[in-house]
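# Fold and geometry: a report
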Amino acid sequence: MALFPSQEALTSQAVSAILLAMQKRPRCNFAPTGGSTPLALYQALAPHLRDNLQYHHVHYYTQDEVPFHPFENDKGAIYRHLQRHLFAPAGVPDERIHSLNGGNYSQADRQIRTDGGIDLLILGLGSDGHIAANLPGTPFDSEAHRISVDRKKPALIAALANEVGAKELVPDAYFSFGIKTIMQAKNILLLVSGEKKALILKQALEGPLTEELPASILRLHPACTLFADFDAAQLLSENHPR
């Protein structure tokens with residue numbers, strides 16, 4: 001665990017940790033995450049990667065995908081988000097980007113193993129404890145999977161419409177690495193910032209180990225490092241290892 005006085009300090013140290021991890025292997029398989037938490041990280045990371053031969057051995061794997069209806073087998077909103085904020089600014093060519101979608105999710109875990117496994121996986125922490133697109137109740141032994149959209153849940157539809165840009169583009173299903181897929185990554189960096197994440201971070205680290213809080217499983221990973229700012233860490237017990 002590493003705690004920081006500000007998100008800026010967290011971002012600076014996270015960039016250093018990622019670049020160091022990328023340099024350790026002849027091929028580095030890196031799985032960035034979508035969402036808003038890592039945007040400052042990608043903005044700081046991209047200039048180091050662009051036009052730098054030192055990082056041309058890095059391959060990028062998307063962890064989840066929300067396709068644009070009805071194109072389940074194509075690149076979707078998560079790819080578009082990462083393309084805008086990381087892949088394009090870093091100059092990453094298509095041949096080093098391995099995007100998850102409806103056409104390949106069932107073979108994704110096998111392909112990752114063939115490629116040598118994920119060396120470094122970045123995670124944010126959802127306000128309900130989800131990681132990637134694994135919502136509460138996802139089995140801990142799940143591999144990459146298709147998640148059907150329940151159109152009777154207005155909050156879910158609203159969240160997906162926000163991802164894809166319009167309600168009529170909300171797909172029938174979206175896709176995610178499973179929790180088992182995530183736990184098989186060699187190294188995980190969990191980024192958590194802001195007072196709004198303080199309670200769920202405490203529950204994930206100190207509450208019950210349960211599928212109702214997917215992030216709680218990360219306690220069992222042998223090489224998962226938490227990077228949190230003071231606001232996010234404010235509720236952690238004094239005797240929690242730091």
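So, here is what we can say about the structure in this document. (Residues numbered from 1 in each chain as written. Predicted model: local features only at pLDDT ≥ 70, side-chain atom pairs only at ≥ 80, totals over all residues. Heavy atoms only, no water.)

## Let's talk about unusual backbone geometry
Rules: A run of H or I in DSSP becomes a helix once it reaches four residues, and a run of E becomes a strand once it reaches two; helices and strands are each numbered from the N terminus.
Here the amide bond leading from H69 into P70 is cis, since omega sits at 5 degrees, within 30 degrees of zero. Within the secondary structure, P70 sits in the loop between β4 (64–65) and α3 (77–90). With phi around 55 degrees, D51 is a residue other than glycine that occupies positive phi space. In this structure, D51 sits in the loop between α2 (39–49) and β3 (58–61).

## A look at the side chain of Q63
Selection rule: Contacts described as polar in this section are N or O atom pairs within 3.5 Å, which, within protein, must combine one atom able to donate a hydrogen with one able to accept it, while residues neighboring in sequence count only if both atoms come from side chains.
Its place among the elements puts Q63 in the loop between β3 and β4. Separated by 3.0 Å, the side chain of Q63 and the backbone oxygen of P32 make a polar contact.

## Considerations on the pattern of salt bridges
Our working rule: A side-chain nitrogen of Lys or Arg and a carboxyl oxygen of Asp or Glu constitute a salt bridge if their distance falls within 4 Å. Here's how the labels work: a residue is buried when its accessible area is under 20% of the maximum for its type, exposed when over 50%, partly exposed in between, all with a 1.4 Å probe on protein chains only.
Scanning the model with the defined rule gives nine salt bridges in all. With its nearest N and O atoms 3.7 Å apart, the salt bridge here joins R27 to D115. A residue pair is termed long-range when its members are at least 10 positions apart, and R27 in the loop between α1 (7–22) and β2 (28–31) and D115 in the loop between α4 (108–114) and β6 (120–123) qualify at 88 residues. With a relative accessible area of 29%, R27 lands in the partly exposed category. Judged by relative accessible area, which is 19%, D115 ranks as buried. Put simply, K180 and E143 hold a salt bridge, and the shortest N to O gap is 3.7 Å.

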